[in-house]
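# Notes for the structure review
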Amino acid sequence: MHCPSCRQSLKETDTSCAQCQFSLAALSALLGIPPQLSAPIEDVAELLTRKERQRLAQEIRQLEQRFPDIVGIAIFTSIPEIVTPELYTFWLFNRASLFSPVEQGGNNHGVLLMIDTDRPHATAMIGYGLEPFIPEQILELCLVEASHHLKTGHRAKAAAAFFHEFGQQLLQLSSAWPQAFGYSETAPWHDSTTGELVQTQPLHHGDLY
């Protein structure tokens, strides 16, 4: 986890940043009462057409179906000039009741995309539960895909491109996750009933169903 203000590394339990003294409490005092938003799409500025909302919702739904733990959210709103887009995104992620009470800390697998409706800019944030598996460079790549459409004023297409690219990046990353956790189909395993090591046979295509 990193401070949204200075990018210093933080622990989940830190209430403020030791480097720049940023705190969520101070940010909340500055911005006031958070808006009530809902997933998967919140078009605060009411700029999207019905068809654009449907297409974007389908893109997010496909991501969530492929990765059931993921919660995708796209917000289209005007970002106040008194804070940076990154800080506003962080504030909404933590204060706008976008996630259930059980989706906190390491249990949060949210992916929040913020589209600024006043300027061609987008920011993104992922939940603490995804941070160990998804490098920041992945979000940057996804935001680059979105930026191509933002430059031409197509905000809905930008959001759809972001979530589509995020899904593609997850597919590539997930192929390496078993090795990262030490899993091997051919490694021996301990049989608790006999006390012996058993050699696992690799799966063949005929074993799959």
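Residues numbered from 1 in each chain as written. Predicted model: local features only at pLDDT ≥ 70, side-chain atom pairs only at ≥ 80, totals over all residues. Heavy atoms only, no water.

All right, on to the overall build of the chain then. Broken down by element type, the chain carries six helices and six strands. N-terminal to C-terminal, the α/β element order of the chain is α-β-α-β-α-β-β-α-α-α-β-β. Counting every position in the chain, which comprises 209 residues, the buried fraction comes to 38%. Contacts in the chain between residues at least 24 apart in sequence constitute 57% of all its contacts with a sequence separation of at least 6. Carbon and sulfur atoms form 53% of the exposed surface of the chain, whose accessible area is close to 12,600 Å². (Helix = DSSP H or I, 4+ residues; strand = E, 2+ residues; numbered from the N terminus. Buried < 20%, exposed > 50% of the residue type's maximum accessible area, 1.4 Å probe, protein only. Contact = heavy atoms within 4.5 Å. Areas by Shrake-Rupley, 256 points an atom, 1.4 Å probe, with all protein chains shown as cover.)

One way to put it is that helix α2 (residues 50-66) packs onto helix α5 (residues 155-174) with a least axis distance of 9 Å and a crossing angle of 10°. The orientation of α2 with respect to α5, classified from their angle, is roughly parallel. As α2 runs across α5, the sense of the crossing is left-handed. Across the interface between the two elements, E52, L56, E59, I60, L63 and R66 of α2 pack against A156, A159, A160, F163, H164, F166, G167, Q168, L170 and L171 of α5. Of the residues in the contact of α2 with α5, the class split is ten nonpolar, three polar and three charged. (Axes fitted to C-alpha atoms, helices over the stretch in contact; angles between N-to-C directions. Parallel < 35°, antiparallel > 145°, perpendicular 65-115°, else oblique. Left-handed = near helix turned anticlockwise from the far one by under 90°. Nonpolar A, V, L, I, M, F, W, Y, C, P; charged D, E, K, R; others polar.)

Attention shifts here to the confidence of the model for the chain. The pLDDT averaged across the chain works out to 83; a share of 81% of its residues lies at or above 70. Across residues 205-209, confidence stays below pLDDT 50; counting only partners more than four residues off in sequence or on other chains, it has two contacts. (pLDDT = per-residue confidence, 0-100.)

Relative to the 28 Å expected for 20 residues at 1.5 Å per residue, α5 spans 29 Å between its end C-alpha atoms, a close match to the ideal helical length. Those residues of α5 that sit buried are A156, A158, A159, A160, A161, F162, F163, E165, F166, G167, Q169 and L170. (Expected span 1.5 Å × (residues − 1).)

All right, on to the packing of helix α1 (residues 24-31) against helix α3 (residues 85-95) then. For the pair α1 and α3, the least separation of the axes is 11 Å and the interaxial angle reads 100°. One way to sum up the angle between α1 and α3 is to call them roughly perpendicular. Within the contact between the two elements, α1 uses L24, L27, S28 and L31 and α3 uses L87, Y88, F90, W91, N94 and R95. For the contact of α1 with α3, a count of residues per class yields seven nonpolar, two polar and one charged.

Quick look at the nonpolar core now. With 30 residues, the main nonpolar core has L56, F76, V111, F162, F163 and F166 as its most contacted residues. Looking at this core, the element that brings in the most residues is α5, giving eight residues. Setting aside residues no more than four positions away along its own chain, F162 makes contact with V111, L113, A124, L139, C142, L143 and A146. C17, L31, I75 and L112 belong to the second-largest nonpolar core, a separate cluster that totals 24 residues. (Core = buried A, V, L, I, M, F, W, Y, C linked by side-chain atoms within 4.5 Å.)

On to the sheet that holds strand β4 (residues 121-126). Paired through their backbone hydrogen bonds, the strands of a sheet run either parallel or antiparallel. Here four strands make up an open sheet; going across it, the order is β1-β2-β3-β4 and the pairing mixed. On the outer flanks of this sheet lie β1 (41-43) and β4, each paired with one strand and no other. Taking each pair of neighbouring strands and ignoring which way they run, the sheet shows an average axis angle of 10°. Relative to strand β3 (residues 110-116), strand β2 (residues 71-77) is paired through seven bridges, and the arrangement is parallel. Bridged to T77 within β3 is D116. Sitting on the sheet, helix α4 (residues 136-150) is in contact with β3 and β4, with an inclination near 155° to β4. Across the face of the sheet, α5 comes into contact with β2, β3 and β4 while running at roughly 155° to β3. (Pairing = 2+ DSSP bridges.)

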